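Each chain is listed here by its residues.
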Amino acid sequence: MEEYAREPCPWRIVDDCGGAFTMGAIGGGVFQAIKGFRNAPAGVGHRLRGSANAVRIRAPQIGGSFAVWGGLFSTIDCGLVRLRGKEDPWNSITSGALTGAILAARSGPLTMMGSAMMGGILLALIEGVGILLTRYTAQQFQNPIPFAEDPGQLPPKDGGQQQHQGTKGQFQ
C-alpha cells in the first residue's frame, strides 16, 4: 500500500518541523553570509564582521519561518491522511495549498488565494518530479529481457540434428 514506511504523525510533525528549521537555518545562513559580506563597508575585517553579524541575526529567523511552514504543512498532511484514510500525492498538494492560505490569512482573501495557489502548484511540481524520478529509477533496475536466440548465428549444440522453426535446412 505504501511505498515506504513513515513514522507516526506526532513524531512526523516534530521531525518535519526540525528538518525545516535546519534547512532554513543553513540555507539562510549561507545566503545571509553572502549578503552581509557584500553590504559591509570596504575592508576584509569589516566584511567578515558584517557577514557574521548578518548570519547571527537573520539565520535563526529564517530557520524559524521554515519551521513554522514545515510544522503546519505536516500537521495538515497528517490530518488529511487521517481524514481520507490514504496517503497519496493529493494530500501533499492540498497541504501545500492550505498551508500557503493559512500563513497568508492576515493579508486578506486575495493574498490568501494567491498563496494557496502558489503552495498547491509548488507541491504539485515537487510531487510530479518525485513520481517521475521514482518511475525512472524503477525502470533502471528492472530485470533485463533475455536476448532472443538468433538461429542464424550459432549452430545448435546437438550437432545440427534439431532444426529451428523458420530456418529449415540452414543447419544440416
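Residues numbered from 1 in each chain as written. Predicted model: local features only at pLDDT ≥ 70, side-chain atom pairs only at ≥ 80, totals over all residues. Heavy atoms only, no water.

Chemist: Which residues make up the overall build of the chain, and what values go with them?
Modeler: Across its full length, the chain carries four helices and zero strands. Counting from the amino terminus, the chain carries its helices and strands in the arrangement α-α-α-α. Across the 172 residues of the chain, 25% fall into the buried class. Partitioning the contacts of the chain with sequence separation of at least 6, the portion at a separation of at least 24 is 48%. (Helix = DSSP H or I, 4+ residues; strand = E, 2+ residues; numbered from the N terminus. Buried < 20%, exposed > 50% of the residue type's maximum accessible area, 1.4 Å probe, protein only. Contact = heavy atoms within 4.5 Å.)

Chemist: Run through the state of the cysteines, naming residues and quoting values.
Modeler: Here is the idea: a disulfide is a covalent bond, and it sits between the sulfur atoms of two cysteines. Within the structure shown, the criterion is met by one disulfide. Linked covalently through their sulfurs, C9 and C78 form a disulfide whose S-S length is 2.3 Å. Across the S-S bond of C9 and C78 the torsion is about -100 degrees, and the bridge reads as left-handed. Linking C9 in helix α1 (residues 9–39) with C78 in helix α2 (residues 44–84), this pair joins segments that are 69 residues apart in sequence. Overall, C9 belongs to the partly exposed group, its relative accessible area being 23%. (Disulfide = S-S within 2.5 Å.)

Chemist: Got a sec to walk through the UniProt feature "transmembrane region" (unreviewed entry) in the chain? Specific residues and values, please.
Modeler: Per the UniProt record, the feature "transmembrane region" (unreviewed entry) sits at residues 116–136. Note that residues 116–136 is 100% helix and 0% strand, and that its end C-alpha atoms are spaced 30 Å apart. (UniProt positions renumbered as here; feature names shortened; annotations may be inferred.)

Chemist: Give me the packing of helix α3 (residues 89–103) against helix α4 (residues 109–140): which residues, what numbers.
Modeler: Relative to each other, α3 and α4 sit at 150 degrees, their axes nearing to 7 Å. Taken together, the axis directions place α3 and α4 in an arrangement best described as roughly antiparallel. Crossing hand, α3 versus α4: right-handed. Between α3 and α4, the residues in contact are P89, S92, I93, G96, A97, G100 and A101 and M112, S115, A116, G119, G120, L123, A124, E127 and I131, respectively. Split by residue class, the contact of α3 with α4 holds nine nonpolar, six polar and one charged. (Axes fitted to C-alpha atoms, helices over the stretch in contact; angles between N-to-C directions. Parallel < 35°, antiparallel > 145°, perpendicular 65-115°, else oblique. Left-handed = near helix turned anticlockwise from the far one by under 90°. Nonpolar A, V, L, I, M, F, W, Y, C, P; charged D, E, K, R; others polar.)

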